[in-house]
There are 2 protein chains.
Amino acid sequence: MNKYGLHGKLKATVGNGEQLSSILLEAAKLVSTAKGCQLYLVSKDKEDEDAVWVTEVWSSKADHDDSLKVEGVRELISQAMPLLDGMPEKGQELDVLGGAGIK
Amino acid sequence: MNKYGLHGKLKATVGNGEQLSSILLEAAKLVSTAKGCQLYLVSKDKEDEDAVWVTEVWSSKADHDDSLKVEGVRELISQAMPLLDGMPEKGQELDVLGGAGIK
């Protein structure tokens, strides 16, 4: 069965990109303990210093959705929300066929 | 130093998405042997069965560029090119800060 991939942008208000990415790096530590988490990358957009990209791979969409129940994740989300410049766009969903670098 | 990320789409001519993704999965095996390759994922676009996404993370852009010298990669590229629906768009370059799932 293919894995569930998600690639999405979070846009911070001006000057808050750095703070947002540190919160997301913290989230990565928590989320990586969740069942089915195979990749949770936090990246800066080369063209917009207040835009942060999260690239995820999960064994299934259900595992991804369940990860919101991991202790501490909701607190981090509540820290991140006030830094966002409007609601986050829905990420690009991908059917991960395989490749190198994940289990 | 941040890692070099690349997320790009390759669009096949109608009906050739499957074949293109198999070539790219072969490429993943070769490229993963290249210095600095930390991730080379091949995914199907959920909305377009002839579009294939490649998501890469490298220790540096230089390592990425050098990977084209890996034996066999050029042959695979030459197999893939005739299947493409026009020139591939330049991928999205990312400054990978960290996260979970790669070394």
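Within each chain, residues carry numbers counting from 1 in the order of the written sequence. Written order decides the labels, with chains lettered from A and ligands numbered from 1. pLDDT decides what is reported in this predicted model: residues at 70 or higher carry local features, side-chain atom pairs at 80 or more are listed and counted, and totals for whole chains, interfaces and linings draw on all residues regardless. Excluded from the side-chain calculation are hydrogens and water; included are all heavy atoms of the structure.

By the naming in an unreviewed UniProt entry, chain A goes by Quinol monooxygenase and is assigned to Pontibacter ruber.

### Structural notes on the sheet that holds strand E4 (residues 92-100) of chain B
Hydrogen bonds between backbone atoms are what pair the strands of a sheet, whose relative direction is either parallel or antiparallel. Just so we agree on the cut-off: Between any two strands, pairing holds if DSSP finds at least two bridges. Strands here mean DSSP runs of E at least two residues long; helices mean DSSP runs of H or I at least four residues long; both are numbered from the N terminus. To obtain an axis, a line is fitted to C-alpha atoms, over the contacting stretch when the element is a helix, and the angle between two such axes runs from 0 to 180 degrees between their N-to-C directions.
What the 8 strands build is a closed barrel, ordered E1(A)-E3(A)-E2(A)-E4(B)-E1(B)-E3(B)-E2(B)-E4(A); its pairing is antiparallel. The mean angle between the axes of side-by-side strands here comes to 35 degrees, regardless of whether they run parallel or antiparallel. Sheet topology places strand E1 (residues 3-11) of chain B next to strand E3 (residues 48-58) of chain B; 8 bridges connect them, and they run antiparallel. The residue of E3(B) that forms the bridge with B:Lys11 is B:Ala51.

### Structural notes on a nonpolar patch on the surface
Note the following rule: Residues enter patches when their relative accessible area tops 30% and they take part in no salt bridge; the joining distance is 9 Å for like charges and 5 Å for the nonpolar side chains Val, Leu, Ile, Met, Phe, Trp and Tyr. Surface exposure here means Shrake-Rupley accessible area, sampled with a 1.4 Å probe, where a residue is shielded only by the protein chains that are shown. Take a side-chain nitrogen of Lys or Arg and a carboxyl oxygen of Asp or Glu: if they are within 4 Å of each other, that pair is a salt bridge.
A contiguous nonpolar surface patch, about 380 Å² in accessible area, is contributed by A:Leu68, A:Ile77, A:Met81 and A:Met87. Summarising the element assignment, A:Met81 is placed in the loop between helix H3 (73-80) and strand E4 (92-100).

### Observations regarding the relation of the copies chain A and chain B
Stated precisely, the cut-off is as follows: The fit set for superposing copies consists of C-alpha atoms from residues with pLDDT of at least 70 in both; the fit itself is least squares. Whether two residues touch is decided by their heavy atoms; if any such pair falls within 4.5 Å, the residues are in contact.
Structural alignment of chain A on chain B gives an RMSD of 0.0 Å, achieved by rotating through 180 degrees and translating 0.0 Å along the axis. Expressed as an axis order, the relation between the two copies is that of a two-fold axis. Across chain A, the rotation axis passes nearest the C-alpha of A:Ile102, at a separation of 3.7 Å. Comparing interface residues between copies, 100% of those in chain A also lie at the interface in chain B; the contact surface is shared.

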